[in-house]
Amino acid sequence: MCSLLQTNLLLIILLYFYFSYAVSSHVFPFCQLQGQFHLNGMHKSGDVVLGGLFPIHFFRSVPHLSFTSKPQQPTCHGFYELGFRLAQTMLFAIDEINRNSNLLPNVTLGYTFYDNCVELGIAFRAALSLVSGQEEKIILDDTCVGNPPVIGIVGDSSSTPSIAISSVLGLYRVPMVSYFATCSCLSGRQKYPSFFRTIPSDAFQVRVMINILKHFGWTWAGLLVSDDDYGFHAARALQSELSLSGEICLAYVEVLPWDKSTDEVRRIVNMMKKSTARVVIVFAHESRMIKLMEEVVRQNVTGLQWMASEAWTSATVLQTPQLMPYLGGTLGIAIRRGEIPGFREFLLQIRPDLHHNNSYGNSMVNQFWEFTFQCRFVPAPPGWLEGGGPLCTGQEELENKDTEFLDISNLRSEYNVYKAVYAFAHSLDDMLHCKPGKGPFSEHSCATLQSLKPWQLVYYLERMNFTTSFGDQVSFDENGDALPIYDVMNWLWLPDGSTKVQNVGEVKRSAFKGEELILDDDKIFWNFDSKKPPRSVCSESCPPGTHMVRRKGEPECCFDCIPCSEGTVTNKSNSLGCTSCPEDFWSNSQRDHCVPKKTEFLSYHEPLGICLTATSLLGTFICAVVLGIFIYHRKTPIIRANNSELSFQLLLSLKLCFLCSLLFIGRPRMWTCQLRHAAFGISFVLCVSCILVKTMVVLAVFKASKPGGGTSLKWFGPMQQRGTVLVFTSIQAAICTTWLVSSSPTPHKNTQYHNNKIVYECAVGSTVCFSVLLGYIGVLAFLSFLIAFLVRNLPDSFNEAKLITFSMLIFCAVWVAFVPAYISSPGNHADAVEAFAILASSFGLLVALFGPKCYIILIRPELNTRKALMGRDIVWKKNYDSE
């Protein structure tokens, strides 16, 4: 690259002296060229002359430079018939324009084109000759005046010569329209202000390549580029675009040597053979590909999917039976194919001039004739006749010759040349239609053919816009680039061994859809046993449930797949990591998607919930039965002697206690969470209050039986008993109301117990209020137990204080055991513990307080008499009398 820049700098300095030498001088009355270049070319005069640079020959020979004598000019050899057809396209377009009365009327276009021999130095010499002329002396009057010999150049065919030439021509604003230079660097308007092209920039071609890679899922590819500006800039653009996308990686980037370095080519092919990349992208000219494929065949490297840049997509020299086993199925980016009506007939009119074999331009036609018919004109080279070689007569029939030169079914580069010539013609036509006083230049002036300056033509080229007969719109954007459009080609290897390059898609850019890739996958020929696109990845995509972990020191496309942890799944938008499931979801066993977490609560459908529900209903039913028994036998002595009103209240409160346990079963909701503890607290306070009042009544009755204790029952009659129960219950109701208002219990989804489960529970809201509620029940229960315990040994035959003591002992035992069990029980088990405590304590009270009475009523009715009770127990007598 550095040597190329030095070469360009040297050429610029040379051009400076080349132009500056022809200046006015008091010594010399004329301008004299430093030297005259011997160039192959053709010329036709006209009112306006258009220049051209075309690859008529493939190779050149540079003489030895001793500088002891005048250096010899380089010579070209290796005739390239398709390059000659490019030049003929320019001639055809000019002839067609000259015959068109609607385009440039009364103006005749001429041409001068030279052979660049695919060599920078020769191309540069040709460009200098086109813009400065080949006359040895130009006689001066006072100053050097006059138009340049050409108004613009159609060419060059390669990026490197175009960079060098347009760098210099841009200084003088001489327009240059290339038909094949694709380097994206040429889009720099500051550096190349007068450069245009009818072929899309490599920047677009690179994006097309990436789109094709994405289309087939190829994320691992190799890149080969030629050792010139075309290859270097393509590699830089491709790497830049890939770094932005982050989806495709390059296994290797290699530069194909310019010279015949077999060791370097062998190393490159050997590396391709060892690489796991099955796709190879090549930005190089066909001459480089020939050297590369020779080594590919030698090492028998098969199983590769080639992707060709536009430089060699249509190269017939590579479509041979020897190379198709390796290159078959190649996908390539090709220049837009076009149709040029009448072009074949024009080519058939080519005839050599036998009388002026060595005249200017005619030698090129004769070389074409000799190449096509494999003959030689007189005088034949030494040994030609002796070797049996035929002489050319000039009467050979070109139409009968099966040659690629006449095959116009695939005009691509030629179509670009055709559009370039017409771009100049339309620009000149727009210039000639300028109305004086309304022109774009200073003082609204117009340009004329007689005073045309190169920069004036650049102005019209930038604004030129026309449509070809093929229907393609031609215009240049702000960078001098043409509207991007490509064909996608596929190398089809037919069973008979022949080759066909078929169109399988199209890529174009529009203002509305952007870059659009259209591929017909069914038409593509794949040179593999499976007849399907190959897999080309460094690492296979991670299966669902895993995520990528990059391999240290390797490209991004190389990674290992690690399973996602519990609760996380593969991140679909970024496979570098796993993403956590939402709060109410959990990963499935495959870790590929989130599923709703299992929910857990004390359900009516599970065995524990069924048992608790059945027990609650059983207790409620027993309470109802006992209440029915008491109501039915309410006139009997034992009912009347046991303070029947408190007994009925106690049975109703026990029924509420049994029923409130049902609020702890089922999915917690706001109303159940608020009601369960309130109902539990109020029901149990009502129950314990009744027991406490019963105990106090027993104590009061006993004291009333003592001398002077008659006033005890006076201050603790039925109204006081009801009021006491109401006051005690109201205090609990106030506690519950405060709790619900200040910090109400709410449903809570607890995920702390199990990561993959949601335990629905009721958050108590305020632990203090819950503790006060339980503490208040405990205080009342303790008072009941204490009073009953104190009067347990009163002289009687059926002292209810003993039953109350026993029932309170059971009640307190249950709830003392409840506290640690509740605290240590997670989730729905806490609800089950609380429901069990409610049921156990309720059954304890029910059995202890009402079991003996029911026994006497149902089993021992003989004891349920006034005499039996009053004869034995003064307490029962007083209770009986109070009833």
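Structural data are supplied above this passage.
Since the structure is predicted, the reported quantities are computational estimates derived from the model, not experimental observations. (Residues numbered from 1 in each chain as written. Predicted model: local features only at pLDDT ≥ 70, side-chain atom pairs only at ≥ 80, totals over all residues. Heavy atoms only, no water.)

Q: Account for the packing of aromatic side chains, with residues named and values stated.
A: Using the criterion set out here, one finds 32 aromatic pairs in the structure. Aromatic side chains Trp-312 and Trp-491 sit 5.7 Å apart centroid to centroid with 80 degrees between the ring planes, which places their arrangement in the edge-to-face category. You can see Trp-312 sitting in the loop between strand E14 (305–308) and helix H9 (324–327) and its partner Trp-491 sitting in strand E18 (residues 485–493), a full 179 residues away along the chain. Given the relative accessible area of 0%, Trp-312 is considered buried. You can call Trp-491 buried: its relative accessible area is 0%. Pairing Phe-441 with Trp-455 gives two aromatic rings, centres 5.5 Å apart and planes at 90 degrees, and the pair type is edge-to-face. Placement of the pair is Phe-441 in the loop between helix H12 (413–432) and helix H13 (454–463) and Trp-455 in helix H13, with a sequence separation of 14 residues. The partly exposed category is assigned to Trp-455, whose relative accessible area is 45%. Through a chain of ring-to-ring contacts, three or more aromatic side chains come together here, namely Phe-92, Phe-343, Phe-346, Tyr-418, Tyr-422 and Phe-466. (Phe/Tyr/Trp six-rings, centres within 6.5 Å; stacked < 30°, edge-to-face > 60°. Helix = DSSP H or I, 4+ residues; strand = E, 2+ residues; numbered from the N terminus. Buried < 20%, exposed > 50% of the residue type's maximum accessible area, 1.4 Å probe, protein only.)

Q: How would you sum up the state of the cysteines? Please name residues and give values.
A: Following the criterion strictly, the structure yields 10 disulfides and no others. There is a disulfide in this structure between Cys-375 and Cys-392, and the S-S distance comes to 1.8 Å. Because the sign of the S-S torsion sets the handedness, a value of about 100 degrees for the bond joining Cys-375 and Cys-392 places this disulfide among the right-handed ones. One end of the pair, Cys-375, is in the loop between helix H11 (362–373) and H12; the other, Cys-392, is in the loop between H11 and H12, and 17 residues separate them in sequence. For Cys-375, a relative accessible area of 2% corresponds to the buried category. Given the relative accessible area of 7%, Cys-392 is considered buried. (Disulfide = S-S within 2.5 Å.)

Q: Describe in detail unusual backbone geometry, supporting the description with residues and values.
A: With an omega of 0 degrees, the peptide bond between Gly-155 and Asp-156 qualifies as cis. Along the chain, Asp-156 turns up in the loop between strand E8 (153–154) and helix H4 (159–169). At the junction of Val-378 and Pro-379, the peptide bond is cis and its omega measures out at 0 degrees in the coordinates. The topology assignment puts Pro-379 in the loop between H11 and H12. For Leu-104, which is not glycine, the phi dihedral falls at a positive 50 degrees. Relative to the helices and strands, Leu-104 is located in the loop between helix H2 (81–98) and strand E6 (109–115). The phi angle at Asn-300 is positive, at roughly 55 degrees, despite the residue not being glycine. Looking at the element boundaries, Asn-300 is found in the loop between helix H8 (286–299) and E14.

Q: So what's going on with the sheet that holds strand E2 (residues 41–44)? Which residues, and what values?
A: Taken together, the 6 strands give an open sheet; going across it, the order is E2-E6-E3-E8-E9-E10, and neighbouring strands pair in mixed fashion. The two strands at the open ends of the sheet, each matched to only one other strand, are E2 and strand E10 (195–197). Here strand E3 (residues 48–54) pairs with E8 via 2 bridges, running parallel. Bridging from a neighbouring strand, Gly-51 pairs with Ile-153 of E8. (Pairing = 2+ DSSP bridges.)

Read these as layout, nothing more, since geometry by itself doesn't imply function.
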